[in-house]
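Coordinates in review
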Amino acid sequence: MHRLAPLWILLFLILAAALPLLFGSLMIAGLEKLHLGGGAALLIVLGIIFGSMINIPVRRIAREDELTVAPFAVFGLPQAMPQLGRRVRETVIAVNLGGCLIPTGLAVYEFLVLLRETPGLLPALGVAVALNVFACYRLAQPIPGLGIAIPALAPALVAAMAALIMVPGAAPPVAFIAGVVGPLIGADLLHLRDVEKAAAGILSIGGAGTFDGIVLSGIVAAYLA
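Residues numbered from 1 in each chain as written. Predicted model: local features only at pLDDT ≥ 70, side-chain atom pairs only at ≥ 80, totals over all residues. Heavy atoms only, no water.

Before going further, it helps to examine helix α2 (residues 38-51). When the terminal C-alpha atoms of α2 are compared, their 19 Å separation across 14 residues agrees well with the 20 Å that a helix rising 1.5 Å per residue should span. Residues of α2 that are buried: Ala41, Ile44, Val45, Ile48 and Gly51. Down the axis of α2, the buried side of the element spans an arc of 145 degrees, and every buried residue falls inside it. When the buried face of α2 is taken as reference, the exposed residues oriented beyond 90 degrees from it are Gly39, Leu43 and Phe50. (Helix = DSSP H or I, 4+ residues; strand = E, 2+ residues; numbered from the N terminus. Expected span 1.5 Å × (residues − 1). Buried < 20%, exposed > 50% of the residue type's maximum accessible area, 1.4 Å probe, protein only. Arc of directions from axis to C-beta.)

The interhelical angle for the contact between α2 and helix α3 (residues 97-117), taken along N-to-C directions, is 150 degrees, at an axis separation of 7 Å. When the axes of α2 and α3 are compared, the pair comes out roughly antiparallel. In this structure, α2 contributes Ile44, Gly47, Ile48 and Gly51 to the contact, and α3 contributes Leu97, Gly98, Ile102 and Leu106. Here the residues of the contact of α2 with α3 are counted per class, giving five nonpolar, three polar and no charged. (Axes fitted to C-alpha atoms, helices over the stretch in contact; angles between N-to-C directions. Parallel < 35°, antiparallel > 145°, perpendicular 65-115°, else oblique. Contact = heavy atoms within 4.5 Å. Nonpolar A, V, L, I, M, F, W, Y, C, P; charged D, E, K, R; others polar.)

Here Glu110 is to be found in helix α3. Despite its burial, Glu110 pairs with no opposite charge; the closest candidate is Arg116, at 9.1 Å N-O. (Lys, Arg positive; Asp, Glu negative; His and termini not counted. Salt bridge = Lys/Arg side-chain N within 4 Å of Asp/Glu carboxyl O.)

Assignment of secondary structure puts Phe176 in helix α6 (residues 171-188). As for Phe176 and Ala160, which are separated by 16 residues in sequence, their C-alpha atoms are 8.0 Å apart. What Phe176 contacts, discounting residues up to four positions off in sequence, is Leu31, Leu34, Pro103, Leu106, Ala107, Glu110, Gly218, Ile219 and Ala222.

Take the confidence of the model for the chain next. Averaged over all residues, the pLDDT of the chain is 74; the fraction at 70 or higher stands at 66%. Predicted confidence in the chain is weakest over helix α1 (residues 5-31), with a mean pLDDT of 63, and strongest over helix α4 (residues 122-139), with 91. Low confidence marks residues 72-78, where pLDDT is under 50. Its contacts with residues over four positions away, or in another chain, come to six contacts. (pLDDT = per-residue confidence, 0-100.)

As enumerated under the stated definition, the model contains one salt bridge in all. Of the charged contacts, one joins Arg116 and Glu117 as a salt bridge, the two residues approaching to 3.3 Å between their closest N and O atoms.

Moving on, we come to a nonpolar patch on the surface. There is a patch of nonpolar side chains on the surface, built from Leu42, Leu43, Leu46, Ile49, Phe50, Met53, Ile54, Ile56, Val58 and Leu101 and spanning about 940 Å² of accessible area. Among the secondary structure elements, those contributing two or more residues to the nonpolar patch are α2 and β1 (55-69). If one sorts the elements of the nonpolar patch by residue count, α2 sits on top with five residues. With respect to the helices, strands and loops of the structure, Phe50 is situated in helix α2. Using a relative accessible area of 51% as the deciding quantity, one classes Phe50 as exposed. (Patch = residues over 30% accessible without salt bridge, like charges linked within 9 Å, V, L, I, M, F, W, Y side chains within 5 Å. Areas by Shrake-Rupley, 256 points an atom, 1.4 Å probe, with all protein chains shown as cover.)

Structure below.
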């Protein structure tokens, strides 16, 4: 058994090195279906990856938490004359560059292309977006102190299926737009008030738990379509 340990470690290292390459290849393949050349797709992927480390603050919210203060605790009497105090904490609402702004900008570009070339598809696009917004709203779970969690592949599957059923001839751009807008509105913006009350520190739209919701659902939906 001990002789096999180095082999398992080697296989783990190979897998860890291969996963980013596979992830990047999947993203490029999905983006190439969106009126983008290989070079432009690569630049967008790099922008998403490196931009995911950049959060742009847009709002600061001061919060007051009630807590019990024991003034005689230092004398070994923690239960003597407890008082109700307040502690002021701050929640910073930020927008993630790679996980929100770049995919949203690309979704706007795809929308303008559809508006110019095939405006008759806009009603179907609206239905696909509305379905994914509703699905993401129902699936999203605000987590106190963390943010919003959403199953990674569910928004992508909803967006891809809606696009393939309603507009099979232009499924990739429709799926991408629905895949990006669904988590952005349904998971983030419609749950923002809930998370503002529960979160502390920084709440990044498109970062952490919703990076996979916005970025992956959009790109995977385009790839599947």
